[in-house]
Amino acid sequence: MASPSVSGGRVRACHDLSDGGLAVALAEMAIGGGLGGRIRFDGDLFEERPSRFLLEVSGDIGIGKVVGEVTKQPVLDFGGFELTVAEAREAFFVWERLL
């Protein structure tokens, strides 16, 4: 269903919500892209939903629900809890070393 938007260049980035949910998907996208994000979501930010995706889009693509926005400032805002993208990157490196 989203393929015309992907081929048309309106989907800029995509991440599944299977490992760590919305919060982890946003953090990984921000680390990869060097941008920040602001999430406004009333549900469980860490709920893992393998069949759902977080998309960064340009304009309305006619599917899904808007849960936030991309920010140029490299800060992740989870509706009251904030951390910088650098802090998120360091947390991922620490987590990986523990595995």
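This text goes with the structure placed above it.
Residues numbered from 1 in each chain as written. Predicted model: local features only at pLDDT ≥ 70, side-chain atom pairs only at ≥ 80, totals over all residues. Heavy atoms only, no water.

Take the side chain of T71 next. By the element assignment, T71 lies in strand β4 (residues 68-71). Within the structure, T71 has its side chain in polar contact with the backbone nitrogen of G37 (distance 3.3 Å). Within polar-contact distance, the side chain of T71 engages the backbone oxygen of Q73 at 3.0 Å. In contact with T71, not counting residues within four places along its chain, are L35, G36, G37 and R38. (Helix = DSSP H or I, 4+ residues; strand = E, 2+ residues; numbered from the N terminus. Polar contact = N/O pair within 3.5 Å; in protein donor to acceptor, adjacent residues only side chain to side chain. Contact = heavy atoms within 4.5 Å.)

Spatial strand order, β4-β2-β5-β6: 4 strands in an open sheet with mixed pairing. Of all the strands in the sheet, just β4 and β6 (82-84) have a single pairing partner and so form its edges. Adjacent strand axes in the sheet meet at a mean angle of 15° when their direction is disregarded. Pairing of strand β2 (residues 36-39) with strand β5 (residues 75-77) involves 2 bridges; the strand directions are parallel. (Pairing = 2+ DSSP bridges. Axes fitted to C-alpha atoms, helices over the stretch in contact; angles between N-to-C directions.)

Now for the environment of F41. Its location among the elements puts F41 in the loop between β2 and β3 (49-57). Placed 38 residues apart in sequence, F41 and G79 show a C-alpha to C-alpha distance of 7.8 Å. When sequence neighbours within four positions are dropped, the list of residues in contact with F41 reads L22 and V67.

This paragraph deals with the environment of S58. Following the sequence through the fold, S58 ends up in the loop between β3 and β4. Distance in space between the C-alpha atoms of S58 and G9 is 8.1 Å, their sequence separation being 49 residues. There is a polar contact of 3.5 Å between the side chain of S58 and the side chain of R12.

Per the stated rule, a full pass over the model turns up 5 salt bridges. Of the charged contacts, one joins R40 and D77 as a salt bridge, the two residues approaching to 3.3 Å between their closest N and O atoms. Of the two residues, R40 sits in the loop between β2 and β3 while D77 sits in strand β5, which places them 37 residues apart along the sequence. Of the residues examined, D77 reaches a relative accessible area of 11% and is grouped as buried. Among the ionic contacts, a cluster of salt bridges with common partners joins R38, R40, E69 and D77. (Salt bridge = Lys/Arg side-chain N within 4 Å of Asp/Glu carboxyl O. Buried < 20%, exposed > 50% of the residue type's maximum accessible area, 1.4 Å probe, protein only.)

Another aspect to go through is helix α3 (residues 85-98). Compared with an ideal rise of 1.5 Å per residue, which puts 14 residues at 20 Å, α3 spans 20 Å between its outermost C-alpha atoms and is within 8% of the ideal. Every buried residue of α3 is listed here: V85, A88 and F92. Relative to the axis of α3, the buried residues are bounded by an arc of 60° and lie together on one face. Residues of α3 that are exposed and angled more than 90 degrees away from the buried face: R97 and L98. The elements touched by buried residues of α3 are α2 (21-33), β2, β5 and β6. (Expected span 1.5 Å × (residues − 1). Arc of directions from axis to C-beta.)

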